[in-house]
Amino acid sequence: MDEETHHPGEQAVGHVACARCGTTAESGTPPPTWLCAMEDGRRLYFCDDCARLHIRAIESRLDSVWW
Ligand SMILES: [Zn+2]
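Caption draft 1: Fine view of the nonpolar core. By size, the foremost hydrophobic cluster in this structure holds eleven residues: Val16, Cys18, Ala25, Trp34, Ala37, Leu44, Tyr45, Phe46, Cys47, Cys50 and Ala51. At the level of secondary structure, the elements contributing two or more residues to this core comprise strand S4 (42-46) and helix H1 (48-66). No other element matches the three residues that S4 contributes to this core. Dropping the residues within four chain positions of it, Leu44 is found in contact with Ala19, Leu35, Cys36, Ala37 and Glu39.

Structure (structure tokens):
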């Protein structure tokens, strides 16, 4: 009767929220304009507005990995 079913490796289905401003995607799936980033094994989504602001930080972080 418990609905606490965990699926390791699968992303939580139900609601997608921007990791920065908390905006939720109505459809339950992130719009193609949203940015997806992996952090500590978790999948984070950023709305298009936040992605635009955040893209530099994400890109620079990725760059540092490549150094
Ligand atoms: Zn946002």
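Caption draft 2: Examining the coordination of the zinc ion more closely. Those protein atoms acting as donors to the zinc ion are Cys18 (SG), Cys21 (SG), Cys47 (SG) and Cys50 (SG), and they sit at 2.3 Å. Around the zinc ion sit four donor atoms; with metal-centred angles ranging over 104 to 118°, the donor geometry is tetrahedral. Spacing between the donor residues of the zinc ion along the chain follows C-x2-C-x25-C-x2-C. Remark: Cys47 occurs in the loop between S4 and H1 and Cys21 occurs in the loop between strand S1 (16-17) and strand S2 (24-25); sequence separation between them is 26 residues. On the basis of relative accessible area, Cys21 is assigned to the partly exposed category, the value being 44%.

Caption draft 3: Spatial organisation of the pairing of S4. By the bridge criterion, five bridges tie strand S3 (residues 35-39) to S4 in an arrangement that is antiparallel. Paired with Glu39 across the bridge in S4 is Arg42. Here S3 folds back onto S4, and the loop between the two strands holds two residues, one of which, Asp40, carries a positive phi near 55°.

Caption draft 4: Structural context of the environment of Cys18. Within the secondary structure layout, Cys18 lies in the loop between S1 and S2. Since its relative accessible area comes to 4%, Cys18 is described here as buried. Placed 28 residues apart in sequence, Cys18 and Phe46 show a C-alpha to C-alpha distance of 4.5 Å. Once you skip the residues sitting within four places of it in the chain, Cys18 turns out to touch Thr23, Trp34, Tyr45, Phe46, Cys47 and Cys50.

Caption draft 5: Spatial organisation of the confidence of the model for the protein chain. Averaged over every residue, the pLDDT of the protein chain is 76; residues scoring 70 or more account for 67%. Within the protein chain, S1 carries the highest mean pLDDT (89), whereas H1 carries the lowest (73).

Procedures and definitions
- Residues numbered from 1 in each chain as written.
- Predicted model: local features only at pLDDT ≥ 70, side-chain atom pairs only at ≥ 80, totals over all residues.
- Heavy atoms only, no water.
- Core = buried A, V, L, I, M, F, W, Y, C linked by side-chain atoms within 4.5 Å.
- Buried < 20%, exposed > 50% of the residue type's maximum accessible area, 1.4 Å probe, protein only.
- Helix = DSSP H or I, 4+ residues; strand = E, 2+ residues; numbered from the N terminus.
- Contact = heavy atoms within 4.5 Å.
- Donors = N, O, S within 2.8 Å, 3.2 Å for Na, K, Ca; no water.
- Tetrahedral: all angles 85-135°; square planar, octahedral: opposite > 155°, others 65-115°.
- Pairing = 2+ DSSP bridges.
- pLDDT = per-residue confidence, 0-100.

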